[in-house]
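As a plain string of letters, each chain reads:
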Amino acid sequence: MVVVIGAGATGLGVARDLALRGVKVTVVDQWEPGFGTSGRFHGLLHSGARYVVTDPTAAEDCYRENTLLRAVAPDAIEQTGGIFVRSEDDDPGFEQAWLKGCDRAGIPVTALDPRAVRQRYPDLTTRVASAYWVPDGVLEGFHLLQMLAKDVLAHDGTLLSKHRVTAIQTVNGRVTSVSAQGPNGEVEVGCDAVVNAAGPWAGAVADLFEDPIPMHLSYGLMILFAHRKFPVVVNRLKSPGDGDIFVPHQHVTILGTTDVAQDSPIAPDIQASEVLRLMDLGRELVPGLDSWRVLRAFTGVRPLYDGQGHAATSREVSRDFKVIDHQRRKGPAGSFSVVGGKWTTFRLMAERTADIVTQYLGISAPCVTAQVPLTLHPVTSFSASEPYLCECEKVSASQLTAIDGSLSEWRTATWFAMGPCQGTFCAHRVTALHHALFPSEDSGAALQDLRAERTKGMLPVLWGANAREYALQQAVRFQTLAEGDPQWAGNSPGLKNSSPSSEGVTL
Amino acid sequence: MSAITIIGQGPAALLAASFIQEVQQDCVIVADSEGSLPLWSGSFDFHAPSDDISNPWSLLDRQPLMLPAETWAFLWESLVGFERAAGIPVAADIPSHNWWTITCTGKSKSVFVVPQWQYVQKTFLPVWFIGFQGLADSMADFQCHTYQQQTGVDAGFHVLPNPTPWTPSWGPIRWASYMDTDEGLSWLLSEIQKVAPEIPKTWPILLPQVIGRRRAEHNLQALTTALGQMVFEYPLVTPSLGGMRIRDRWVWYLKKQGVPFLTGRAISVEKGWVTLADGRQWHSDHVIVATGGILGGGLEVMVDGRLRDPLRDTVVGRMPPGRAIDLYSWGQPADYGTPEMTACGSQCGGWDPNQDGNGGAMILATVWQSLCRTGIFSNLGSCNSERSVTHVGK
Amino acid sequence: MWENDDACIKCSICISVCPVYGQDLEFPGPKALGPDWFRAYQANPLTVPSEHVDDCTFCQLCEASCPVHVPIAHLIAQHKSLKKKTWRINLRDRILAHPHWVARYPRLANAPNFLVRPLGFGTQSRWPRPQRRVAPLSSSPQADTRQIVGLFVDCYSRGFDQDVLSAAQALLELWGFSVRLLPHASHCCGAAAYAAGQPEEGQRIAHSTYDAMTPGLTDLSQIVTLNATCDSTLREEWPLYWNLSLPVPVLSFSEFALDKAPAWFWDAMHKGMTARQEQGETTSWIHTTCRSRVSRGDGILEQLADKAGLAAIQPLNLACCGAGGSYAFKEEHEKTAHALGAAALEQVTETHDRIIVDSGTCALHLTQITGALAKHPAYWLYQRFLSLTQRSGDIASQEK
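About the criteria used
Residues numbered from 1 in each chain as written. Chains lettered and ligands numbered in written order. Predicted model: local features only at pLDDT ≥ 70, side-chain atom pairs only at ≥ 80, totals over all residues. Heavy atoms only, no water. Helix = DSSP H or I, 4+ residues; strand = E, 2+ residues; numbered from the N terminus. Phe/Tyr/Trp six-rings, centres within 6.5 Å; stacked < 30°, edge-to-face > 60°. Buried < 20%, exposed > 50% of the residue type's maximum accessible area, 1.4 Å probe, protein only. Patch = residues over 30% accessible without salt bridge, like charges linked within 9 Å, V, L, I, M, F, W, Y side chains within 5 Å. Areas by Shrake-Rupley, 256 points an atom, 1.4 Å probe, with all protein chains shown as cover. Salt bridge = Lys/Arg side-chain N within 4 Å of Asp/Glu carboxyl O. Pairing = 2+ DSSP bridges. Axes fitted to C-alpha atoms, helices over the stretch in contact; angles between N-to-C directions. Parallel < 35°, antiparallel > 145°, perpendicular 65-115°, else oblique. Left-handed = near helix turned anticlockwise from the far one by under 90°. Contact = heavy atoms within 4.5 Å. Nonpolar A, V, L, I, M, F, W, Y, C, P; charged D, E, K, R; others polar. Buried area = accessible area lost by both parts, 1.4 Å probe. pLDDT = per-residue confidence, 0-100. Expected span 1.5 Å × (residues − 1). Bend = angle between axes of the 7 residues up to and from the residue.

Some thoughts on unusual backbone geometry
Following G256(A), the chain continues into T257(A) via a peptide bond in cis, with omega recorded as -15°. Here T257(A) shows up in the loop between β17 (252-256) and β18 (260-261). Between T238(B) and the following residue, P239(B), the backbone shows a cis peptide bond with an omega angle of -15°. With respect to the element layout, P239(B) can be found in the loop between β9 (231-234) and α7 (241-256). For K162(A), which is not glycine, the phi dihedral falls at a positive 55°. Here K162(A) shows up in the loop between β9 (158-160) and β10 (164-171). Despite not being glycine, K10(C) shows a phi value in the positive range, around 60°. Along the chain, the position of K10(C) falls in the segment before α1 (13-17).

Concerning the packing of aromatic side chains
Considering all chains together, one arrives at 46 aromatic pairs over all chains under this definition. Judged by centre distance (5.8 Å) and plane angle (65°), the rings of F230(A) and W292(A) are edge-to-face. Of the two residues, F230(A) is situated in the loop between β14 (215-225) and β15 (233-236) and W292(A) in the loop between α7 (272-285) and β19 (294-305); the sequence distance between them amounts to 62 residues. Accessibility classification places F230(A) together with W292(A) in one group, the buried group. Judged by centre distance (5.1 Å) and plane angle (65°), the rings of F177(C) and F256(C) are edge-to-face.

Things to note about a nonpolar patch on the surface
Residue and element names in this part refer to chain A. The grouping of W31, F35 and I266 at the surface amounts to a nonpolar patch, some 260 Å² of accessible area in total. Among the structural elements, W31 can be located in the loop between β2 (25-28) and β3 (44-45). A residue is classified by how much of its surface remains accessible, and W31, at 30% relative accessible area, is partly exposed.

A closer look at the sheet that holds strand β16 (residues 314-318) of chain B
Residue and element names in this part refer to chain B. Strand order across the open sheet formed by 3 strands is β14-β15-β16, with antiparallel pairing between neighbours. The open sheet terminates on both sides in strands that have one partner only, identified here as β14 (300-301) and β16. Here strand β15 (residues 306-309) runs beside β16; their pairing, made up of 4 bridges, is antiparallel. Pairing of L307 across the sheet is with G317, part of β16.

What about the packing of helix α1 (residues 9-20) of chain A against helix α8 (residues 346-361) of chain A?
Residue and element names in this part refer to chain A. Across the interface, α1 lies against α8 with an axial gap of 8 Å and an inter-helix angle of 50°. Judged on the interaxial angle alone, α8 and α1 are oblique. In this structure, the crossing between α1 and α8 has a hand that is right-handed. Taken together, the residues of α8 that come into contact with α1 (itself represented by A9, T10, G13, V14, D17 and L18) are F346, M349, A350, E351, T353, A354, V357 and T358. For the contact of α1 with α8, the per-class residue count stands at 8 nonpolar, 4 polar and 2 charged.

Some thoughts on the interface of chain B and chain C
Counting residues at the interface gives 32 residues for chain B, matched by 36 residues for chain C. Here chain B meets chain C over a buried area of about 2,500 Å², counting both sides, of which 52% is carbon and sulfur. Counting the surface chain B buries against chain C, the share from its top three residues, R174(B), W252(B) and T263(B), is 23%. At the junction of chain B with chain C, the criterion picks out 2 salt bridges. Here R296(C) ties to D278(B) by a salt bridge, and the two come within 3.0 Å at their closest N and O atoms.

What to know about the packing of helix α11 (residues 427-437) of chain A against helix α3 (residues 140-151) of chain B
Where α11(A) meets α3(B), the axes come as close as 9 Å, and the angle between the chain directions of the two elements is 80°. With respect to each other, α11(A) and α3(B) are oriented roughly perpendicular. Taken together, the residues of α3(B) that come into contact with α11(A) (itself represented by T431(A), A432(A), H435(A) and A436(A)) are D141(B), F142(B) and H145(B). Taken together, the residues that form the contact of α11(A) with α3(B) break down as 3 nonpolar, 3 polar and 1 charged.

Looking at the pairing of strand β21 (residues 335-340) of chain A
The side chains of a regular strand alternate, residue by residue, between the two faces of the sheet. Residue and element names in this part refer to chain A. Here β21 lies mainly inside the structure; 6 of its 6 residues are buried. Sheet topology note: the strand β13 (residues 193-196)/β21 ladder contains 3 bridges and is parallel. By the bridge assignment, N196 is partnered in β21 with S337. Two strands pair when backbone bridges link them, and strand β20 (residues 321-325) and β21 are joined in this way by 5 bridges, in the antiparallel orientation. Bridged to I324 within β21 is S337.

Observations concerning the environment of Q133(B)
All names here are of chain B. Inspection of the secondary structure assignment puts Q133 in the loop between β6 (127-132) and α3. Spatially, the C-alpha atoms of Q133 and V159 are 5.9 Å apart, while their sequence positions differ by 26 residues. Filtering out sequence-adjacent residues up to four positions away, Q133 remains in contact with V159, L160, P161 and N162.

Some points on the confidence of the model for chain B
All names here are of chain B. Averaged over all residues, the pLDDT of chain B equals 87, while 87% of them reach at least 70. The spread of mean pLDDT over the elements of chain B runs between helix α11 (residues 381-384), the lowest at 61, and strand β8 (residues 205-208), the highest at 98. Overall, residues 56-62 carries pLDDT values under 50, and its contacts beyond four positions in sequence, including any with other chains, amount to 27 contacts. Note on residues 386-394: pLDDT under 50 across the span, and 22 contacts to partners over four residues away in sequence or across chains.

Describing the sheet that holds β13(A)
Adjacent strands of a sheet form backbone hydrogen bonds with each other and so pair up, either parallel or antiparallel. All names here are of chain A. One open sheet holds the 6 strands; their spatial order is β9-β2-β1-β13-β21-β20, and the pairing between them is mixed. The open sheet has two edge strands, β9 and β20, and neither has a second partner. With direction set aside, neighbouring strand axes in the sheet form an average angle of 15°. As paired strands, strand β1 (residues 2-5) and β13 are joined by 4 bridges and run parallel to one another. Paired with I5 across the two strands is N196, which belongs to β13.

Remarks on helix α2 (residues 30-43) of chain C
With 14 residues, α2(C) extends 19 Å from end C-alpha to end C-alpha; this agrees with the ideal 20 Å at 1.5 Å per step. W37(C) marks the point of greatest bend in α2(C), at about 40°. Most of α2(C) is tucked away, with 12 of its 14 residues classed as buried. Among the residues of α2(C), those classed as buried are P30(C), K31(C), L33(C), G34(C), P35(C), D36(C), W37(C), F38(C), R39(C), A40(C), Y41(C) and A43(C). Buried residues along α2(C) sit in contact with β17 of chain A together with α1, α3 (61-65) and α4 (72-81) of chain C.

Shown next, in the form of structure tokens:
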């Protein structure tokens, strides 16, 4: 038995890889799959072109994995292709280095006529000096995570959500079990090996191995716009920096990203100044960006591994990954960490990690994840006999009830409440439906969590139509649905059988 | 062209126009989009923690506007009078207390002047909820559960199956169109009759607010008569039939009184000259700005957080860093700083119906404040009261 | 291409004003067909168009209601353009998108049912009857302003409403303006094609009309229109979407009359009514068409009727009469078109009442539904002027 800590792309990837090799696995996550970095990224399936100059190893890995994933997980990938655009303000010298780098990494690049590009994508700046096509793609992260999780379960694996690992037990210097705190108390899972795939929390888990590892955490800010404004990924052809990627993700467009070093695995509240800075950068590529209907902003924390000691900035830390066998350092036998890397390379990270773990376990089964396809479990298709509960993302009741999960899992699986209205008109409907299936859960609290989470993303980008949407949402919540707590909304405990204006009611 | 121009056509604008009509003065309404009435069920809220309506906010720390009790009474009576004249069924007497209404999620909310199609109660009583299977906002099981949990009072529910012509594209308006047909009404009656034996006779039956767009009162009365027990509606979210019925009737009433409803975007008001984007221009003695604040578009939030008043092309404020704002503290002071312009409704700052439950009172008080500025009510004592124009917002 | 095409806040106000949504139990409504569709279409250009998209009348009330100014109706028109049609419907819609062809040969409207029914033309809606050119009506002008006014001759007035056209021309001349009919031959503003989901064809038609008009524009003081749809197309679609800007202001006949008709004319309209005439006064029902409401607003026709001394002015409580240009002439729309207009029948109970409406097709439709004569205000104004000034009676008599 192997315990994998962390149900992000890496953890689920490792678990699936091991499960396919016949190893019994349990994945433990303090929240739910994709709560951390894997659920908070821009959705870009790198062609590798972004890193060819600054990080050639990561670039080559990305390209290889990109090609592989298209073949094994087509349901989670949209083969949009991408363009790299150099503006007249950008260094032409970098373009030459970049072309050489792509050539070295074997990444196919096609030169495009800048005039044709401007015509085809009228939102782009008119200052396009040169443009190239690369095989970038778009990765539907939540779908891929669900596919991985389902496959782990299908291969006799276990997923333990909402359990935070509190201790790793060892006997004679070998790990024997993992303790985790969950909603119903502490559980202990016996095991022969532990894989720390906790992303930004990897440092904290390594501390439980009593073998600290130098993590370099930084967070990236992304701004989400309501419509899909480009049919391809748009990259700025310059040394990788902030605000230089637009990713079309299903119906929306995501502008990324920034890079701010920090200590905590949870990003701080988003500051207005950061949002304005990202908008400033985005405007260099899309001058009319202010008129795009903004939806929300979010952050993801990059769990980079700084094996060489502290780099000056995290852009200089390699996007390469590393598998650490703690036994070779100060930790117990059977404890491993996998750190760094990219969403795009999660499968490769899982393969390398599983190679080392199976070797430790004395199992000789080869990795098959490069060949065995991952399929999306048939999503219940919309039945013509029911209305949409979420009109923005077109989600109906039967699509939701087919999913055995929490309200937030319903959300990430179907995208309800993630469209232009940000749940204004559907959150209460879906909550009611969820309550019908899971009457013992606190539906009121789940609704308030959903509302708070939506609000958190809307507030930093409160301008234009989004500000008006927010005003509408607040009025619907508090004036129409009485979701607030004041006395007049009828929620105070002291209210039973009192008239709304009777005396003796305190605020 | 007109003595008074009202910009906007939400509830504040319609109320202002009604007052002006009442004293036989000319006014013109100009708006570049529909008002907000179809968004709300049409109750006018006046949450008064204290029974003393002369100082309804005595227990709140914010007191946006102090009006004497007789002015409040006059304003509410006027509102009720206008609504009744327009064919909106509200009780003739203003309530002496707030009512509880029940939301589609089963919560109770305090309301003041409410059309009679909507269910209200003074204290929590047992009720029977009816939901429609193919109507997303009617969630009778959840509603019943919440109502029982929140009030400790007994309740029951039924969910009715869909009628034959139903398709998944039926939103509330579509349901209401169906209920306006004889076929719809008889479908509803027969479905309720099937479950009626289970419903205690003294409990009111509450239906989703889709029981007709034109014939709602007729339908509810017919059901009440046929079933021998009281039948009302509970409000849904948008589009709200309650607000639509009020809008349809109120706008029609004003049109019949001769109020022009011009379509166009007012781009400036200068020395009484109102200019529209299409070039039309006219002079008014007074301009009442009822453009709805941030939601209505009377205030634009810019990317950098500045708040712009598009009518005067001026920045009136800035969102605080982090932007965790109270939307309603931002707004225009009622007084625009020029003698011929005043703001009312959500365009005014200092009120927060989301927090205070006083949206109806906000409309009444700020419209009154605006009208007093026009001078056409100088013969009415309350306009002369010193207290009536004390703006003590934030 | 559009401004604010992604701004939708999902408030649903647009569906609360949509006349078709309130009537046709299958029509998905402007939110679903406009902004919701457009978002899906941007994400996937292969998104299948709605089978009901052509049931939109292009009245634009949705667009005018939108608080965030999404070009809802124009997005729906784009949606329509992507829908595949059968050859027969294609042919029919191509004919209806070119009303100026019909206006050139108005007798086409007399084609027997057995010929038009197979093409998908409706047979329940009354088809217009061609009117030959009416002899100029006015006598010598009462004043000379030395201004030349262009009178935009829309297809319908040209083919089927010559009495309205002549009345308008007579009034303008009476008020001291020289009148130039524009364009010289039958052309179309492009509205019909746009409404039928052929925006590019609309643009082509509009450009050709513009070219036909330009020679006569230089010395004009303004262009006066007789049809609300053409009026708003000239003033909105032309400059906003088709890059056509007329060098002279465009004004509806009603607004022009309110602004420019001389005081003596209004005096004359209030004087000289005999007791018999006063007794014979009937109710004047006013229907401001949807397109007129969308671009100018409600209440202008009432002002005009009031200024002209008409008694018993009553606005018709009607969101849309159902005519929708050529909408009511399509077999699949007849039911909805007549249901929409039915509300008028509940109000207009006397067939000798008059209905004042600023569009020829709406007038035809309302006349059919209510039995009362519906006509453009120019017609009613001139008729009243003639009867009060003891001129040669009724305009209708001059047709024959």
